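# Summary of the model geometry
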Amino acid sequence: MRRVIIVDDEKWIRRGLIQSISWDEWGLSLAGEASDGGEGYDMALTLQPDILFLDMRMPGLDGKQLIGKLNQELPDLLTIVVSGYSDFEYTKEAIRHKAFDYLLKPVKKEELAVVVQKACQELDRRDAERRKASREQGEDWLRQLLHAEESLAEKLVPASWREGEAALFLAHTDRYGDHVEPQRLLPAMQETLSRMQPFLFGGRWQFELIPLQDNGKEWALAISAPKLEPNDMRRLHTSLSHAMAQASGGASFSFGVSRVKRQAGKLGEACHEARKALLRKPLAATGVLQDAELMQPQESRQYPQDQENAFLWVLQSGNRQAAELELERLFAAFTEEPATVAHLQWSADLLLHAMEKQLQAKDARVEDMCGENTLVFAEKIHLRNDRDSMKKLFLEKLLPPLVSYYSQSGEKLGEKAVLELKTWMESNYSQSLSLPQIASSYYLNADYLSRIFKRMTGQNFIDYLTDIRMRKAKELMNKSKYKNYEVAQKVGYEDYRYFSQIFKKKVGMTIGEYRKSIGQADHEGEKQICPSL
């Protein structure tokens, strides 16, 4: 996967780019995002991205300065400048400083796609040149071809494959946890293909089979014939799928199949099509064939931001049970029908990134807690194509160390918040105060803050606030001639009747009785005030 970093001081611009990029389609993963040039520079040196989206005007290092520094440190980095029309001359100067391309705000999705595809093609070209320089003698031709630049691919194709049509099947286990033994699977697949040769495509076809993962979970099958009939391709899938299930002890495989190509040199493109089709498999489906030829445009999917916020707030409380419950709810939203594998991976990517950003606000990183950075976890995300294994990754590898961290730092943060809140309430008692709103300003869960508040004060939030208001009300009655309804308003009660009820409950006498007691004390020359609460 190609690594991408986005550097822009406007959060909505970063989020818009993240949600507009077709990460799986272009083979990209989000390595990180930064809100200023200095942070972006440090992040780029640490994460070594392939592509950098960069705003030109930012606090600290601006875009031109950042490009200049990164050109020296990371000469192979492709920088895509994002700027407004008013900065266009500035942007052109940046391009002269070796920026790869630019986009003007507001960024249009179609223009973004063109620029990203061009960047990916350039990276592919560079990779192909490196592979060509270092390729070892004897490596199989199909594996080379799947990674080669298109202009070089035709030279890798054996002579017997240069006539007729070609297509590529990509098989992947439906569940990440399925155990597969490649040494058993490969002979069974080859035997099935050889046995089927006389009965498909008029008996005039050939195949090349290679594992794409050492663990046997992913396989590429290229086929070539004078004419690849759709019915025979489906029969081939049925037979091969059955053989793989038997040889693997019951593991289920789904297949993506490319469009038919007029030449075998296009098998690299065919592999991309087959992978894209496979990613669009419904999560609940197993053992299916996803045909790129039949794929309809995929509907955009709304990210469950509210559920993510709820999870992040609970996570900061350090309560593992509550965090697991919120994570379960969030994954239920991720996998709600008609979710696909691509939807799941995209959602998990965004969640991982949100968890990292929340830690960064406390000068921490996922790597500090878990021993592996977000890039490693992003790669693990894109190896998983089912709900259970994806959720297990978060539950077992990410959640425990983060809960442990927040349980230690969250207690101190909660106590600090309560101390600050008590001081603030003494001056702002007349305002409409909401504990959930206050908690969110500290990035704390409201229930968690409420528990700490009661432990430190001996009262819940409402009772504590009410006592402050009643004390302030008595002070106003003692020292001024405000009317009763004016006193109520000054201590935060618009409803005088409700204020009078609360006053009697807390003070033990009506407002009239209290005022009368003050008057009697004055007449007797003694200022006898009811004991403060």
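In case you missed it, the structure is sitting above this.
Here we summarise the structure given alongside this text. Model, not experiment: these values are computed from the prediction.

## Considering the overall build of the protein chain
Within the protein chain, the secondary structure is distributed over 22 helices and ten strands. Its C-alpha atoms give the protein chain a radius of gyration of 32 Å, more than 25% over the compact-globule value 24 Å for 533 residues. Along the first, second and third principal axes, the C-alpha atoms of the protein chain reach 120 × 55 × 35 Å. Out of the 533 residues in the protein chain, the part that is buried amounts to 49%. Look at the contacts in the protein chain between residues 6 or more apart in sequence, and 69% of them connect residues 24 or more apart. Total accessible area on the protein chain is roughly 26,400 Å²; 48% of this is exposed by carbon and sulfur atoms. For the protein chain, the separation between the mean place of its 73 positive charges and that of its 78 negative charges on side chains is 4 Å.

## Regarding the side chain of lysine 281
Residue position: lysine 281 is located in the loop between helix H10 (267-279) and strand E10 (289-291). Excluding residues that lie within four positions of it along the chain, lysine 281 makes contacts with Asp174, Ser254, Val288, Gln290, Thr340 and Val341.

## Description of the pairing of strand E4 (residues 78-83)
Burial within E4 is extensive, with six of its six residues counted as buried. Bridge count between strand E3 (residues 51-55) and E4: five bridges; the pairing is parallel. When the sheet's bridge partners are listed, aspartate 55 is paired in E4 with valine 82. In terms of strand pairing, E4 meets strand E5 (residues 101-104) through four bridges, oriented parallel. Across the sheet, valine 81 pairs through a bridge with tyrosine 102, a residue of E5.

## Here's the deal with the sheet that holds strand E1 (residues 2-7)
Taken together, five strands build an open sheet; the order of strands is E2-E1-E3-E4-E5 and the sheet is parallel. Only two strands of the sheet have a single neighbouring strand rather than two, namely strand E2 (28-34) and E5. Across the sheet, the mean angle separating the axes of adjacent strands is 20° when strand polarity is ignored. Sheet topology note: the E1/E2 ladder contains six bridges and is parallel.

## Describing helix H12 (residues 320-334)
Relative to the 21 Å expected for 15 residues at 1.5 Å per residue, H12 spans 21 Å between its end C-alpha atoms, a close match to the ideal helical length. By the burial criterion, the buried members of H12 are Ala323, Glu326, Leu327, Leu330, Phe331, Ala333 and Phe334. Summarising the axial view, the buried residues of H12 lie within an arc of 150°, below the 170-degree limit, and thus occupy one face. Its side-chain oxygen placed 3.2 Å from the backbone nitrogen of glutamine 321, asparagine 319 serves as the N-cap of H12.

## Looking at the environment of glycine 38
In this fold, glycine 38 is placed in helix H2 (residues 37-47). Glycine 38 sits in the partly exposed class, given a relative accessible area of 26%.

## Points about the packing of helix H11 (residues 305-316) against helix H13 (residues 341-360)
Contact geometry of H11 with H13 gives a least axis separation of 11 Å together with a crossing angle of 40°. On the basis of the axis angle, H11 is oblique to H13. Crossing of H11 against H13: the hand is right-handed. The segment H11 lies against H13, with Glu308, Phe311, Leu312, Leu315 and Gln316 engaging Leu350, Leu351, Ala354, Met355 and Gln358.

## A few points about the packing of aromatic side chains
Each aromatic ring pair is described using two quantities: the centre-to-centre distance and the angle formed by the ring planes. Scanning the entire structure with this criterion turns up 16 aromatic pairs. On the basis of an interplanar angle of 55° and a centroid distance of 6.1 Å, the ring pair of phenylalanine 499 and phenylalanine 503 is categorised as tilted. Remark: phenylalanine 503 and phenylalanine 499 occur in helix H21 (residues 496-507); sequence separation between them is four residues, near one turn of the helix. Relative accessible area serves as the criterion here: at 0%, phenylalanine 499 is assigned to the buried category. Taken together through their ring pairs, the aromatic side chains of Tyr493, Tyr496, Tyr498, Phe499, Phe503 and Tyr514 make up a single cluster.

## Notes on unusual backbone geometry
Of the consecutive residues lysine 105 and proline 106, the connecting peptide bond is found in the cis state with omega at -10°. Inspection of the secondary structure assignment puts proline 106 in the loop between E5 and helix H5 (109-134). Positive phi outside glycine occurs at glutamine 48, with the angle close to 50°. Positionally, glutamine 48 belongs in the loop between H2 and E3. On the accessibility criterion, glutamine 48 (36% relative accessible area) is partly exposed. The phi torsion at aspartate 363 lies on the positive side, around 60°, for a residue other than glycine. Of note, aspartate 363 is situated in the loop between H13 and helix H14 (366-370).

Conventions we followed
- Residues numbered from 1 in each chain as written.
- Predicted model: local features only at pLDDT ≥ 70, side-chain atom pairs only at ≥ 80, totals over all residues.
- Heavy atoms only, no water.
- Helix = DSSP H or I, 4+ residues; strand = E, 2+ residues; numbered from the N terminus.
- Rg over C-alpha atoms; globule rule 2.2 N^0.38 Å.
- Buried < 20%, exposed > 50% of the residue type's maximum accessible area, 1.4 Å probe, protein only.
- Contact = heavy atoms within 4.5 Å.
- Areas by Shrake-Rupley, 256 points an atom, 1.4 Å probe, with all protein chains shown as cover.
- Lys, Arg positive; Asp, Glu negative; His and termini not counted.
- Charge placed at Lys NZ, Arg CZ, Asp CG, Glu CD.
- Pairing = 2+ DSSP bridges.
- Axes fitted to C-alpha atoms, helices over the stretch in contact; angles between N-to-C directions.
- Expected span 1.5 Å × (residues − 1).
- Arc of directions from axis to C-beta.
- Polar contact = N/O pair within 3.5 Å; in protein donor to acceptor, adjacent residues only side chain to side chain.
- Parallel < 35°, antiparallel > 145°, perpendicular 65-115°, else oblique.
- Left-handed = near helix turned anticlockwise from the far one by under 90°.
- Phe/Tyr/Trp six-rings, centres within 6.5 Å; stacked < 30°, edge-to-face > 60°.

Fair warning: the whole summary comes from geometry, so function is off the table for now.
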